[in-house]
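# Fold and geometry: a report
Next come the chains, spelled out residue by residue.
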Amino acid sequence: MILLLQGAAADAPDRTAVVTPEGSATYGELLRDAQHIAAGLRRRGITRFALVEADAAWVIRLLAGAALAGAEPCQYQADTAGHELIEQARALGHSVVVTRRRDLDGSLDAVHPEDLAPGRAGEPEVASGPQPVTIRTTGTTGLPKAARHDWRVLARTVAGMRPRPEQRWLLAYGPHQFAGIQVLLHVVASQATLVAPFPRQPRDGLDALVADGVTCVSATPTFWRFLLAEARSRSVALPRLEQVTLGGEASPAELLEELRAAFPDARVSQVYASTEFGSITSVNDGLPGIAVGALFSESNPTSNVRVEDGELWVRGGGGMLGYAGEPDGGDSRAAIGEWRPTGDLVEIIGGRVLFRGRTSEVINVGGVKVHPLPVEERISALGSVALARVFGRPSALTGAIVAVDIVPAGGAGTADVQQIRREVQAAVADLPRAWHPRSVTLVDTIETRGGKTVRGVEA
Amino acid sequence: MATDQDTARAVIAEFLQRADKGAEGWGDETGLWGDGLGLDSLEAAELSAMLEDEFGSDPFSAGSDLPERVGDIVAFYAAVTTE
């Protein structure tokens, strides 16, 4: 991070690096602040800290400053309730928190970021050795874990990127998420501008698209669905986009078609990455899933992706050092070239590797394993449905039944629930009976975590 | 004013209509399984969920013997009401 920032600041010190609700900052300003913060961290002897900050400009300053000082930051979602944050930070052994929030002091050793950066710092040298950073998983499939990475390894994916000063990237992910970190690295490496609203709900992203001249967006399929639904309901004329990127979840065909129609000039990419494994592969042909030809085989020995027993396996050198709390290079770290299962269930159909959901999302209906995604895709494609979430609902009779929450296209208040039930029934008629939703509920909104739809079996 | 038992019968009627099992020709003595309504486990689980949505509890999940007749379901809510 710090090396990329130094490069951008040397080439274009006066270029706007980031725009947030608090204002904007140039690359030169961010580097100067990062240097001050590095000096402050060293002065206070802080080598490891929790970072709780909503403003993306401050996040970049603090991440780059930490990398410069060789300190290990770990971001937490900035709008988490105080008592939860304290619990989460203690679980990872963080006693120092760098934050502008006032409600964490007392329980943790809270340091205001401006207190780290007074006066002149000179130009401290980049710390030798690893530049560690801890990234927590979103925990959509269980308790969040924390993966320790090295900035130098993370930055390999953006090595050699040419400057793209005309690009303005929306920060649709939280900067505490792995995908958010990827966007930060991409923007700094390409010396582009980051547009970072807060909150980062799809409606805020839509406003930024229209008002802040965003040209590129990377977001989850769930975020895109919400954004398109919001645009339809507000009759917003969508601006031209140059780049549309999807990641973090499977991208259904109907959503890809919708995005192509909404942004006809955009290059549509799907990225496959995880907090633990790093960036693995990307798909740019606009079709759902991965082409079978891109899988590892004798004729394609450099591929980092293969399928085994219906599950996607990956290998890569950009993965984590290990989970927080275990020694570097521990069992959880995949050695370079070592294959690991991802927990993503796939099916090969028509030359494509299609995602069917997570192993942890499988719904066991009386012994029949139901994958929520094919059900959700059929329901989401209905004209009367704006958004849908398929999940398991516990049942004393069958262990679980398939349930679906639906946000109707015209809102839950005026929708005809019986009509929607009939449409759902017809949409899933080709699936086995155990896959049919037995519980259909109309809702105003669908809960997400880290921009992803939460599935699995509810307690 | 509708009682809980009336509401339970209305939920069962709605379920039978949804499941294409006909909304008429059944009563409290009608069996739930086999030659009665002929529910299978998935249909019973659906009815169980509908009753739970309406009342917060249902006789299929109560931990005792499964209901055998429509009247057992209706009686469950009578028992709940008077407890």
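### Looking at the overall build of chain A
Looking only at helices and strands, chain A features 12 helices and 27 strands. The C-alpha atoms of chain A give 22 Å as radius of gyration, which agrees with the globular expectation for 459 residues (23 Å, within 12%). In terms of its C-alpha atoms, chain A occupies a principal-axis envelope of roughly 70 × 50 × 50 Å. When each of the 459 residues of chain A is scored for burial, the buried share is 56%.

### Brief notes about the overall build of chain B
Of the regular secondary structure elements, chain B holds three helices and zero strands. N-terminal to C-terminal, the α/β element order of chain B is α-α-α. Over its C-alpha atoms, taken along the principal directions, chain B stretches across nearly 30 × 30 × 20 Å. Within the span of chain B, comprising 83 residues, buried residues form 36% of the whole.

### Quick word on helix α7 (residues 178-189) of chain A
All names here are of chain A. Given a rise of 1.5 Å per residue, 12 residues ought to cover 16 Å, and the 16 Å separating the end C-alpha atoms of α7 matches this to within 8%. The buried count for α7 comes to 10 of 12 residues, which makes it a mostly enclosed element. Phe178, Gly180, Ile181, Gln182, Val183, Leu184, Leu185, Val187, Val188 and Ala189 are the residues of α7 that are buried. One or two steps after α7, the chain reaches Gln191, where phi turns positive at roughly 55 degrees.

### Comments concerning the confidence of the model for chain B
Predicted coordinates in regions of low pLDDT should not be interpreted in detail. Residue and element names in this part refer to chain B. Summary statistics for chain B give a mean pLDDT of 88 and a share of 92% for residues scoring 70 or more. Taken element by element, the predicted model of chain B shows its lowest mean pLDDT in helix α3 (residues 70-82) (81) and its highest in helix α2 (residues 41-55) (94). Our summary of model confidence lists the complex with pTM equal to 0.79 and ipTM equal to 0.91.

### Brief notes about the sheet that holds strand β19 (residues 340-349) of chain A
Backbone-to-backbone hydrogen bonds join strands into a sheet, with any given pair of strands oriented parallel or antiparallel. Residues and elements named next belong to chain A. With antiparallel pairing, the five strands of this open sheet are ordered in space as β15-β20-β19-β17-β16. The sheet terminates laterally at β15 (290-291) and β16 (305-308), the two strands that pair on one side only. Of the strand pairs in this sheet, β16 and strand β17 (residues 311-314) are connected by four bridges, and their pairing is antiparallel. The partner of Glu308 across the bridge, within β17, is Glu311.

### Quick look at the environment of His94(A)
Residues and elements named next belong to chain A. Structurally, the position occupied by His94 is in the loop between α4 (82-91) and β5 (96-99). For His94, a relative accessible area of 4% translates into the label buried. Along the primary structure His94 and Pro73 are separated by 21 residues, whereas in three dimensions their C-alpha atoms are 9.6 Å apart. Beyond its immediate stretch of four places on either side in the chain, His94 contacts Arg48, Phe49, Ala50, Cys74, Tyr76, Ala89 and Leu108. Within polar-contact distance, the side chain of His94 engages the side chain of Tyr76 at 2.7 Å.

### Focus on the side chain of Glu311(A)
Residue and element names in this part refer to chain A. By the secondary structure assignment, Glu311 is in strand β17. At 3.5 Å, the side chain of Glu311 forms a polar contact with the backbone nitrogen of Thr342. At 2.6 Å, the side chain of Glu311 and the backbone nitrogen of Gly343 are in polar contact. Those residues in contact with Glu311 that lie beyond four places of it in its chain are Arg306, Pro341, Thr342, Gly343, Asp344, Leu345, Val346 and Thr359.

### Describing the pattern of salt bridges
Pairs may arise between side chains of opposite charge once their charged atoms sit close together. Evaluated as defined, the whole model comprises 32 salt bridges over all chains. As a salt-bridge pair, Arg393(A) and Asp53(B) come within 2.9 Å of each other at their nearest N and O atoms. One end of the pair, Arg393(A), is in strand β23 (residues 385-395); the other, Asp53(B), is in helix α2, on a second chain. Arg18(B) is paired through a salt bridge with Glu14(B); the nearest N and O atoms lie 2.8 Å apart. Taken together, the positions of Arg18(B) and Glu14(B), both in helix α1 (residues 4-18) and four residues apart, correspond to about one turn of that helix. In this structure Arg18(B) comes out as buried when scored by relative accessible area, which is 17%.

Cut-offs applied
- Residues numbered from 1 in each chain as written.
- Chains lettered and ligands numbered in written order.
- Predicted model: local features only at pLDDT ≥ 70, side-chain atom pairs only at ≥ 80, totals over all residues.
- Heavy atoms only, no water.
- Helix = DSSP H or I, 4+ residues; strand = E, 2+ residues; numbered from the N terminus.
- Rg over C-alpha atoms; globule rule 2.2 N^0.38 Å.
- Buried < 20%, exposed > 50% of the residue type's maximum accessible area, 1.4 Å probe, protein only.
- Expected span 1.5 Å × (residues − 1).
- pLDDT = per-residue confidence, 0-100.
- Pairing = 2+ DSSP bridges.
- Contact = heavy atoms within 4.5 Å.
- Polar contact = N/O pair within 3.5 Å; in protein donor to acceptor, adjacent residues only side chain to side chain.
- Salt bridge = Lys/Arg side-chain N within 4 Å of Asp/Glu carboxyl O.

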